[in-house]
Amino acid sequence: MAHYTLDHNHEIDSTIERHLIEIRDVLLAELSAQGCRPQAILLSGSFGRGEGSAWYQEGAVHIASDYEINVVCDSWRARKALERARRRFADSTPVPVSLSQITSRRLRQGRTRNLSFGPPRHSIYMYEVKAASQVLHGSLDGLLGAVDPTIIPPEEGVLLVSNRMLEVLESWLRPQQDGLEHALAKLVLACGDAVLLSRGLYHYSYVERAQRLAELPSEVVRAYLGDRFHSVYSEAVSRKLWPSTAAAGGAGLRYQLPAVAGFAREGLRWLGCRTAPSGEPEVLLPVSYTPGRLPVPPVLFEDAVSWVRAKRARRPVGWRRLPVEARLLSLRQLLYRAIPALFLSLPQNGSDDADMLAQAWYWAGWTVGDRGAGTDVLSGRSWETLAGSVLSTWHAIA
């Protein structure tokens, strides 16, 4: 039996294995119904690395991480099969399941997206999928090539920190037991990853990254993220890898939210993000859906893909609300400019940061559509309105 957590607890491993067998069988049935033959089904993410967040307490298994499943399949019909499987998992699976389709071309060449052409760009996601996934079905013969983590570009760290910020926002809006603590722990770990990325030391394993960060001279880490980071980082590692032990003590990361926000901001700065005079981090990410030799501007190509995906998800795009920079930035890039500002304006002690909130609305007001936001976007529950719209749009297009 494979191990999915660092505890190597039989009850945990057998429970997770039972879930994974059910997930695999549902996927194979749905793919077969669409005439698809997947080359492989992979368990990626923390459970695929054997570092998932789960614990056994009072005769029950508690699972805090989701199952990250990648289906290696070249057929366009696999998309419909995965949509049907998502609906079935939402109704029957006790643990959230994240499903993605990866083409064999994308996996072999290490591309950021299935619809990405031209020279491939190195990414954390593909590095981790290729280096640390467990095969639930099929084979990866000929598809796995070595990826050098030392040449992962800094913007990948920006993407990682921003995505962790988004998980915090989602946990804030849709509270679950220990969900916010788990999301904040992952954000703190991502800040440490930012330091490692900037020095060419990134690794797929949480344990190895923690060890590498601990081996850096303390003055280096303080220069990046301040004096308090090491203590908060240690708590975050415990909460991610040994959640039952961490939950028993300590006030919790939610009570250190201003400090975590400061770490995230510094992490983005050290990854090379410019900071505008008003203070919001401007997340500069490359276009992810690249046209290659097609005679189409990259931003237009990415927006075309985003528009189709938004339409399928029935998400509005408020074209009249787009900022003037929209001519140079894709919808996805606009989202990632808004996420840090939205996170930094997270309600704390009943108050908002109005400047950050205004910046977030500037970059992502189009996610609410051309109607429904009103003219005074900073009034009432405007933070919740924008955060909910950004989350829904991100899930649809990013």
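A brief structural summary. Keep in mind that this is a model prediction, so the values were computed, not measured. (Residues numbered from 1 in each chain as written. Predicted model: local features only at pLDDT ≥ 70, side-chain atom pairs only at ≥ 80, totals over all residues. Heavy atoms only, no water.)

## Some points on helix 14 (residues 331–344)
Working step 1: Taking 1.5 Å per residue, 14 residues should reach 20 Å; helix 14 reaches 21 Å between its end C-alpha atoms and fits that length.
Working step 2: Burial runs high along helix 14: 14 of the 14 residues are buried. (Helix = DSSP H or I, 4+ residues; strand = E, 2+ residues; numbered from the N terminus. Expected span 1.5 Å × (residues − 1). Buried < 20%, exposed > 50% of the residue type's maximum accessible area, 1.4 Å probe, protein only.)

## Quick look at the pattern of salt bridges
Working step 1: As enumerated under the stated definition, the model contains 16 salt bridges in all.
Working step 2: Across the pair Glu 83 and Arg 86 runs a salt bridge, and its minimum N-O distance is 2.8 Å. Of this pair, Glu 83 and Arg 86 both sit in helix 3 (residues 78–92), three residues apart, which is roughly one turn of the helix.
Working step 3: Assessed through its relative accessible area of 34%, Glu 83 is described here as partly exposed.
Working step 4: Accessibility expressed as a relative area gives 31% for Arg 86, which makes it partly exposed.
Working step 5: Between Glu 167 and Arg 164 there is a salt bridge, with its nearest N and O atoms 2.7 Å apart. Here Arg 164 and Glu 167 lie together in helix 6 (residues 154–173), a separation of three residues that amounts to about one turn.
Working step 6: Classification of Glu 167 by relative accessible area gives partly exposed; the value is 24%. (Salt bridge = Lys/Arg side-chain N within 4 Å of Asp/Glu carboxyl O.)

## Focus on the pairing of strand 3 (residues 60–63)
Consecutive side chains along a regular strand alternate between the two faces of the sheet.
Working step 1: Across four bridges, strand 2 (residues 54–57) lies against strand 3 in antiparallel orientation. Its bridge partner lying in strand 3, Ala 54 is registered against Ile 63.
Working step 2: Between strand 2 and the antiparallel strand that follows it, strand 3, lie two residues; Glu 58 among them carries a positive phi value of about 55°. (Pairing = 2+ DSSP bridges.)

## Regarding empty space enclosed by the protein
Working step 1: On inspection of all chains with the given rule, the structure shows two cavities of 30 Å³ or more.
Working step 2: As a volume, the largest cavity reaches approximately 50 Å³.
Working step 3: The wall of the largest cavity is formed by Leu 189, Asp 193, Tyr 206, Arg 209, Ala 210, Tyr 233, Val 237, Lys 240 and Leu 241.
Working step 4: For the lining of the largest cavity, the elements supplying multiple residues, two or more each, are helix 7 (179–198), helix 8 (206–215) and helix 10 (229–241).
Working step 5: The element that contributes the greatest number of residues to the lining of the largest cavity is helix 10, accounting for four residues. (1 Å grid on protein atoms, 1.4 Å probe; cavity = no way out; pocket = protein on both sides within 12 Å on 5 of 7 lines; lining within 4 Å. Points joined across faces, edges and corners; volume = space filled by probe spheres on them.)

## Brief notes about the nonpolar core
Working step 1: Phe 229, Leu 342 and Phe 343 are the most contacted members of the largest nonpolar core, which totals 80 residues.
Working step 2: At 13 residues, helix 7 tops the list of elements feeding residues into this core.
Working step 3: Within the second largest apolar cluster, 25 residues are counted, among which are Ile 69, Leu 82, Val 95 and Leu 99. (Core = buried A, V, L, I, M, F, W, Y, C linked by side-chain atoms within 4.5 Å.)

## Digging into the pairing of strand 1 (residues 40–44)
Working step 1: Counting buried residues in strand 1 gives five out of five residues, a clear majority hidden from the surface.
Working step 2: What you see with strand 1 is no split at all: Ala 40, Leu 42 and Ser 44 on one side and Ile 41 and Leu 43 on the other are buried throughout.
Working step 3: As paired elements, strand 1 and strand 4 (residues 67–72) share five bridges and run antiparallel to each other. Residue pairing in the sheet places Leu 43 in a bridge with Ile 69 of strand 4.
Working step 4: Pairing of strand 1 with strand 6 (residues 134–138) involves four bridges; the strand directions are antiparallel. If you follow Ala 40 over to strand 6, its bridge partner there is Gly 138.

## Concerning the side chain of Gln 101
Working step 1: Its location among the elements puts Gln 101 in strand 5 (residues 97–102).
Working step 2: Relative accessible area serves as the criterion here: at 17%, Gln 101 is assigned to the buried category.
Working step 3: In this structure the side chain of Gln 101 is engaged in a polar contact, spanning 2.9 Å, whose partner is the backbone oxygen of Cys 73. (Polar contact = N/O pair within 3.5 Å; in protein donor to acceptor, adjacent residues only side chain to side chain.)

## Quick word on the packing of aromatic side chains
Aromatic ring pairs are described here by two measures, namely the spacing of the ring centres and the angle between the planes.
Working step 1: Tallied over the entire structure, the rule returns seven aromatic pairs.
Working step 2: Ring centres 6.3 Å apart and planes at 70° place the aromatic pair Phe 117 and Phe 301 in the edge-to-face group. Residue Phe 117 is found in the loop between helix 4 (104–109) and helix 5 (124–131), and its partner Phe 301 is found in helix 13 (residues 298–312); the two are separated by 184 residues along the sequence.
Working step 3: On the basis of an interplanar angle of 55° and a centroid distance of 6.2 Å, the ring pair of Tyr 127 and Tyr 204 is categorised as tilted. Remark: Tyr 204 occurs in the loop between helix 7 and helix 8 and Tyr 127 occurs in helix 5; sequence separation between them is 77 residues.
Working step 4: Since its relative accessible area comes to 5%, Tyr 127 is described here as buried.
Working step 5: The exposure class assigned to Tyr 204 is partly exposed, which follows from its relative accessible area of 25%.
Working step 6: Here the aromatic residues Tyr 127, Tyr 202 and Tyr 204 are joined through ring pairs into a cluster of three or more. (Phe/Tyr/Trp six-rings, centres within 6.5 Å; stacked < 30°, edge-to-face > 60°.)

## A few points about the packing of helix 6 against helix 14
Between two packed helices, both the angle of their axes relative to each other and the distance between the axes serve to describe the pair.
Working step 1: Interhelical geometry of helix 6 versus helix 14 gives an angle of 60° and a closest axis separation of 9 Å. One element, helix 6, and the other, helix 14, form an angle in the oblique class. With respect to the hand of their crossing, helix 6 and helix 14 are arranged in left-handed fashion. Where helix 6 approaches helix 14, its residues Leu 159, Ser 162, Asn 163, Met 165, Leu 166, Val 168 and Leu 169 are matched on the opposing element by Arg 332, Tyr 336, Ile 339, Pro 340, Leu 342 and Phe 343.
Working step 2: Grouping the amino acids of the contact of helix 6 with helix 14 by side-chain chemistry returns 10 nonpolar, two polar and one charged. (Axes fitted to C-alpha atoms, helices over the stretch in contact; angles between N-to-C directions. Parallel < 35°, antiparallel > 145°, perpendicular 65-115°, else oblique. Left-handed = near helix turned anticlockwise from the far one by under 90°. Contact = heavy atoms within 4.5 Å. Nonpolar A, V, L, I, M, F, W, Y, C, P; charged D, E, K, R; others polar.)

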